[in-house]
Amino acid sequence: MDIKEIVQSVFDRTKGIEDKGKLASYIPELKNVDPDSFGVHISTTNHLNFGVGNYHDKFSIQSIVKVLSLAMAYSLLGEDLWHRVKVEPSGTAFNSLVQLEVENGIPRNPFINAGALVVTDVLLSNLNNPQQDFLDFLKNLSKSNSIAYSNKITASEKKVGYRNAALCNFLKSFHNIDNDPTDVLDFYYKMCSIEMSCEELSQLFLFLANGGCTLHKNSRIITRSQTKRINALMQTCGFYDESGDFAFRVGLPGKSGVGGGIVAVHPKEYAIAVWSPPLNQKGNSYKGMRFLEEFTTRTELSIF
Ligand code: GLN
């Protein structure tokens with residue numbers, strides 16, 4: 001089996017299908033992107049790197065960053081983190097408020113917005129220079145030196161962030177946010193605004209396929225057990241109320257973002273990133289899902 005040939009052929013087929021997705025419009029700046037952009041990049045633990053289409057282009061990674069903020073908070077706080085956020089699938093949309101009231105302000109998992117806001121609060125409380133320290137954490141994970149926040153996207157989301165503001169204030173009323181909600185929201189928007197390419201993303205996420213160590217420098221980021229747990233959370237919660245469907249179709253731990261990116265990890269084998277901006281009704285890339293489904297079916301490289 002030649003992985004490159006399969007990536008290329010699944011890419012060509014997926015490019016040709018009718019895209020039933022729609023660009024995210026609730027963050028105005030995310031509409032300023034070419035809806036026909038489509039890129040894929042795979043990085044394997046035995047050092048294969050291969051990309052097709054727009055795999056060099058940077059895009060807004062949005063909720064994909066929640067995996068990375070979680071990895072950093074987990075490395076700082078260890079198991080105490082789970083007093084603040086649970087590890088159960090929510091079965092609700094990424095920005096849902098409904099479960100918080102009955103569950104006393106403890107979010108179901110770190111990948112829905114409520115959980116990611118709590119993780120952001122943990123980072124704010126534990127870092128001296130949160131923005132710089134987080135960027136340094138990513139740069140240590142990555143081979144690339146050009147990862148940056150986008151001020152434009154941060155400002156665009158902040159202007160319309162009524163729902164996240166509601167979530168953050170609601171969490172604060174349950175004493176599950178220690179910092180000023182405005183500071184938590186600002187840092188959360190900043191992290192979501194980070195721009196990366198498929199190539200940078202698949203290389204960066206390799207540490208989750210490599211037992212918690214970066215492949216290029218062999219530096220340990222999180223423990224093996226923490227790695228197992230983050231992969232488990234991506235498997236069960238990475239796609240909100242489409243997590244079951246993603247497991248069913250693709251069969252890999254993964255995480256999506258409303259910028260149209262998806263990253264998926266096969267422990268011990270590879271990380272793959274796909275980007276196609278139009279989203280399905282659950283807020284996940286339409287073509288990204290289709291590509292990954294056919295890719296893992298053809299290669300039989302899913303965890304199931
Ligand atoms: N920044 C976005 C939000 O909070 C992230 C959502 C996503 O990518 N699913 O709404």
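Cut-offs used in this document
Every chain's residues receive numbers from 1 upward, in the order its sequence appears when written. With the structure being a predicted model, the display of local features is reserved for residues of pLDDT at least 70 and the display and counting of side-chain atom pairs for 80 or more, all residues being used for whole-chain, interface and lining totals. Buried means a residue has 20 or more other C-beta atoms within 10 Å of its own C-beta, exposed means 12 or fewer, and partly exposed covers the counts in between; C-beta atoms are placed from the backbone. Numbering goes from the N terminus for both helices and strands, where a helix is a DSSP run of H or I of at least four residues and a strand is a run of E of at least two. For two strands to be treated as a pair, DSSP must find at least two bridges joining them. By convention here, the C-beta atom is placed from the backbone, and a residue is near a molecule or strand when that atom is within 6 Å of it. Each residue is assigned to one of three groups, with Ala, Val, Leu, Ile, Met, Phe, Trp, Tyr, Cys and Pro labelled nonpolar, Asp, Glu, Lys and Arg labelled charged, and all others, Gly among them, labelled polar. Contacts are defined on C-beta atoms placed from the backbone: any two residues whose C-beta positions lie within 7 Å are in contact. UniProt positions are given in the numbering used here, feature names are shortened, and annotations may be inferred rather than shown by experiment.

A. Examining the pairing of strand β6 (residues 261-266) more closely. In terms of residue burial, β6 counts as a mostly covered element, since six of its six residues are buried. Here β6 shows no split at all, with Gly261, Val263 and Val265 on one side and Ile262, Ala264 and His266 on the other all buried. Where strand β5 (residues 254-256) lies against β6, three bridges are found, and the strand directions are antiparallel. When the bridges of β6 are listed, Lys255 appears paired with Val263. Between the end of β5 and the start of β6, which pair antiparallel, lie four residues, with Gly260 showing a positive phi angle near 95°. Where β6 meets strand β7 (residues 270-275), six bridges bridge the pair, whose relative direction is antiparallel.

B. The arrangement of the site of the ligand in detail. In the neighbourhood of the ligand, the contacting residues comprise Gln62, Ser63, Phe94, Asn95, Asn113, Glu157, Asn164, Cys192, Gly257, Val258 and Gly283. Residue composition of the shell around the ligand, by class: three nonpolar, seven polar and one charged.

C. Fine view of the environment of Ala273. Mapped onto the secondary structure, Ala273 falls in strand β7. Sequence-wise, Ala273 and Thr299 are 26 residues apart; in three dimensions their C-alpha atoms are separated by 16 Å. What Ala273 contacts, discounting residues up to four positions off in sequence, is His41, Cys198, Leu201, Ser202, Gly261 and Val263.

D. Region of the structure containing unusual backbone geometry. The phi angle at Gln62 is positive, at roughly 45°, despite the residue not being glycine. By the secondary structure assignment, Gln62 is in the loop between β3 (59-60) and α2 (65-77). Residue Tyr240 is not a glycine yet carries a positive backbone phi of 55°. The residue Tyr240 is located in the loop between α11 (224-237) and α12 (243-249) in this model.

E. Representation of the UniProt feature "binding site: substrate" (unreviewed entry) in the protein in the model. The feature "binding site: substrate" (unreviewed entry), as given by UniProt, occupies Ser63, Asn113, Glu157, Asn164, Tyr188, Tyr240 and Val258 in the numbering adopted here. Examined against the element boundaries, Glu157 turns out to sit in helix α6 (residues 151-159). Apart from residues lying up to four places away in sequence, Glu157 is in contact with Ile27, Tyr189 and Cys192. Note on Tyr240: 24 C-beta atoms within 10 Å, which makes it buried. Non-local contacts of Tyr240, meaning those with residues more than four positions away in its chain, are made with Ser90, Thr92, Ala93, Phe94, Ile112, Lys282 and Gly283.

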